[in-house]
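Remarks on the overall topology
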Amino acid sequence: MRHPSMTTSGTRWAVAIVLALAFFLPVRLPCSFPGQDCAEIRDKRLCRDGDLEPLGFYLVERVLRRDLGFAYSTTRACE
């Protein structure tokens, strides 16, 4: 529900800004891209890579089913 004094143009701008901000929200992935098996054994320990990447890139990678190569950070966790 919008404020009565907000114009249609203002509503469109607000929606565009919210969508642009949502595109860059961080999402933690267990692998470099969706659907990838990233576990490997190193020094008798199970290691997994993980990425922190923008929500928009994650959604595009899901559609394309491949890695775009952009992430805020990459981590490796070993058990």
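Structure report, in brief. Only a predicted model underlies this, so the values are computations on that prediction, with no experimental measurement involved.

Conventions used here
For every chain, the first residue of the written sequence is number 1, and numbering continues from 1 onward in sequence order. Given that this is a predicted model, residues contribute local features only at a pLDDT of at least 70 and side-chain atom pairs are listed and counted only at 80 or more, while totals for whole chains, interfaces and linings are drawn from all residues. Remark: hydrogens and water are excluded; side-chain values derive from all non-hydrogen atoms of the structure. Strands here mean DSSP runs of E at least two residues long; helices mean DSSP runs of H or I at least four residues long; both are numbered from the N terminus. The quantity called the radius of gyration is restricted to C-alpha atoms. Its globule counterpart is 2.2 Å times the number of residues to the power 0.38. Each residue's exposure class comes from its accessible area (1.4 Å probe, protein chains only) as a fraction of the maximum for that residue type: buried when under 20%, exposed when over 50%, partly exposed otherwise. In this analysis, two residues are considered to be in contact whenever any of their non-hydrogen atoms come within 4.5 Å of each other. Every accessible area reported is derived by Shrake-Rupley at a probe size of 1.4 Å, with residue values counting cover from the shown protein chains alone. Charge counting treats Lys and Arg as positive and Asp and Glu as negative, with His and both chain ends excluded. Taken as the charge location is NZ of Lys, CZ of Arg, CG of Asp or CD of Glu. Count a disulfide wherever a pair of cysteine sulfur atoms falls within 2.5 Å. Whenever a carboxyl oxygen of Asp or Glu lies within 4 Å of a side-chain nitrogen of Lys or Arg, that contact is scored as a salt bridge.

Another aspect to go through is the overall build of the protein chain. Within the protein chain, the regular secondary structure consists of two helices and four strands. In the protein chain, the order of α-helices and β-strands from amino to carboxyl end is α-β-β-β-α-β. On C-alpha atoms alone, the protein chain measures out to a radius of gyration of 18 Å, which is more than a quarter above the 12 Å that the 2.2 N^0.38 rule sets for 79 residues. Expressed as lengths along the three principal axes of its C-alpha atoms, the size of the protein chain is roughly 65 × 25 × 20 Å. Expressed as a percentage of the 79 residues in the protein chain, the buried residues total 16%. The contacts in the protein chain between residues at least 6 apart in sequence include a share of 52% that link residues at least 24 apart. Put simply, the protein chain shows about 6,200 Å² of open surface, and 61% of that area lies on carbon and sulfur atoms. In the protein chain, the 11 positive side-chain charges and the 9 negative ones have mean positions that sit 7 Å from each other.

This paragraph deals with helix H2 (residues 55–64). Every α-helix winds through 3.6 residues per turn, so residues three or four apart in the chain are directed the same way. Among all positions in H2, only Gly 56, Tyr 58 and Glu 61 are buried. On its buried face, H2 sits against helix H1 (8–23), strand S1 (26–29) and strand S3 (45–54). Of the residues flanking the end of H2, it is Arg 65, one or two places downstream, whose phi is positive at about 55°.

On to the state of the cysteines. Summed over the entire model, instances satisfying the criterion amount to one disulfide. Across the disulfide, Cys 47 is cross-linked to Cys 78 (sulfur-sulfur distance 2.1 Å). Because the sign of the S-S torsion sets the handedness, a value of about 110° for the bond joining Cys 47 and Cys 78 places this disulfide among the right-handed ones. A residue pair is termed long-range when its members are at least 10 positions apart, and Cys 47 in strand S3 and Cys 78 in strand S4 (residues 73–78) qualify at 31 residues.

Below, the discussion takes up the pattern of salt bridges. In total, this model carries three salt bridges according to the counting rule given. A salt bridge links Arg 42 to Glu 40; the shortest N-O distance between them is 2.6 Å. In this structure Glu 40 comes out as partly exposed when scored by relative accessible area, which is 32%. For the salt bridge of Arg 76 with Glu 40, the shortest nitrogen-to-oxygen distance reads 3.2 Å. Note that Arg 76 is positioned in strand S4 and Glu 40 in strand S2 (residues 39–42), a separation of 36 residues in sequence. Look at Arg 76 and you get partly exposed, because its relative accessible area is 38%. Put simply, Glu 40, Arg 42, Asp 49 and Arg 76 are held in one network by salt bridges that share partners.

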